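Understanding the architecture of this molecule
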Amino acid sequence: MRSPAPDTLAPTPHIDCDHPAVVAFAHETAGGRAPRAAAVALHHRVRDMVPYSPWNVRLDRDGFRASDVLARDPAQGAHCIDKALLLAAAARALGIPARLHFANVRNHIGTARLEELLKTDLLVFHGYTELWLEGRWVAATPAFDAGLCARLGVAPLDFDGVHDAIFQAYDGDRRFMERVDDHGAHADLPFEAMIAAWRQHYPHIMAAGVWPRPPRRDGGPSPAQ
């Protein structure tokens, strides 16, 4: 099979795999494992070390950088694109080719407050990572942490380095997520295309220039809902 393009191993403005913190994180997590086992370890750690939050989103280009996710207070949470960037950067730091993939999806569990503020049930430019393992691309989604999944009553998305782990289409007999549109694979974040898609689907947010924050509840907002 054809080898992956060189740009899937190179540092980029958003996948800064040469940043010292990213390099240290990657090697500490991999612990000298072979590529497939290292990729699995990276996925699980990125998935669970920073809770998923659909609220912590900046609209400027500098708001999307892998090393920034590591520097962030975990209590702030991280968006799916943040976590995909970090997984891709950590993989590249270990010499594992990695790229990003984006799709519009509908999430049917635990998103009522988010849908109210987005004014749609469509999650636009949901991001995940694709890793080149044993001669082929394998998809891995590190977005939804185990703690969040436990609160929502769904199983966390596992990754074994062999089978695609994009999202849970069903959890038992419940519909969990469905893909609506595909934006393809990219060696770096296609920032302008993402902003254009958000402008199309979330015009009120882009006109305001600020991603919505949830109303506070007792104990503060839950980033999971």
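Everything below is about the structure shown above.
Reading the values: the criteria
Residues numbered from 1 in each chain as written. Predicted model: local features only at pLDDT ≥ 70, side-chain atom pairs only at ≥ 80, totals over all residues. Heavy atoms only, no water. Helix = DSSP H or I, 4+ residues; strand = E, 2+ residues; numbered from the N terminus. Contact = heavy atoms within 4.5 Å. Salt bridge = Lys/Arg side-chain N within 4 Å of Asp/Glu carboxyl O. Buried < 20%, exposed > 50% of the residue type's maximum accessible area, 1.4 Å probe, protein only. Pairing = 2+ DSSP bridges. Core = buried A, V, L, I, M, F, W, Y, C linked by side-chain atoms within 4.5 Å. Arc of directions from axis to C-beta.

**Regarding the overall build of the protein chain**
Within the protein chain, the secondary structure is distributed over 8 helices and 6 strands. In the protein chain, the succession of α and β elements from N to C terminus is α-α-α-α-β-α-β-β-α-β-β-β-α-α. For the protein chain, the proportion of contacts with a sequence separation of at least 24, taken over those separated by at least 6, is 71%.

**Details of the pattern of salt bridges**
Taken as a whole and judged by the stated rule, the model has 11 salt bridges. Close ionic contact of Glu-134 with Arg-36 constitutes a salt bridge, the shortest N to O distance being 3.3 Å. Remark: Arg-36 occurs in helix α2 (residues 35–49) and Glu-134 occurs in the loop between β2 (122–133) and β3 (136–140); sequence separation between them is 98 residues. A relative accessible area of 66% means that Glu-134 is categorised as exposed. In this structure, Arg-65 engages Asp-62 in a salt bridge whose closest nitrogen and oxygen atoms are separated by 3.4 Å. Residues joined in a network through salt bridges with shared partners are Asp-62, Arg-65 and Asp-68.

**Looking at unusual backbone geometry**
Positive phi is not limited to glycine here, since Lys-119 has a value of about 65°. Mapped onto the fold, Lys-119 is located in the loop between α5 (112–118) and β2.

**Quick look at the pairing of β3**
Of all 5 residues making up β3, 4 are buried, and the element is well covered by its neighbours. Examined bridge by bridge, β2 and β3 share 5 bridges and lie antiparallel to one another. Counted as the bridge partner of Leu-133 is Arg-136 from β3. Connecting the antiparallel pair β2 and β3 is a turn made up of 2 residues, with Glu-134 showing a positive phi of about 50°.

**Section: the nonpolar core**
Formed by 69 residues in total, the largest nonpolar core has its most connected members in Phe-64, Ile-81, Leu-131, Phe-159, Leu-189, Met-194 and Trp-198. In terms of residues, this core owes the most to one element, helix α4 (residues 80–93), which gives 11 residues. Contact partners of Leu-131, with chain neighbours within four places excluded, come to Ala-39, Ala-91, Ile-96, Pro-97, Ala-98, Arg-136, Trp-137, Val-138, Ala-140 and Phe-159.

**Regarding helix α1 (residues 20–30)**
Listed as buried for α1 are Val-22, Phe-25, Ala-26, Thr-29 and Ala-30. Angularly, the buried residues of α1 cover 115° about the axis, an arc narrow enough to put them on a single face. Residues of α1 that are exposed and point more than 90 degrees away from the buried face comprise Pro-20 and Glu-28. Check the buried side of α1 and you find it contacts α2, α3 (66–71) and α4. Once α1 ends, the next one or two residues include Gly-31, with phi positive near 60°.

Read these as geometric descriptors, not functional statements.
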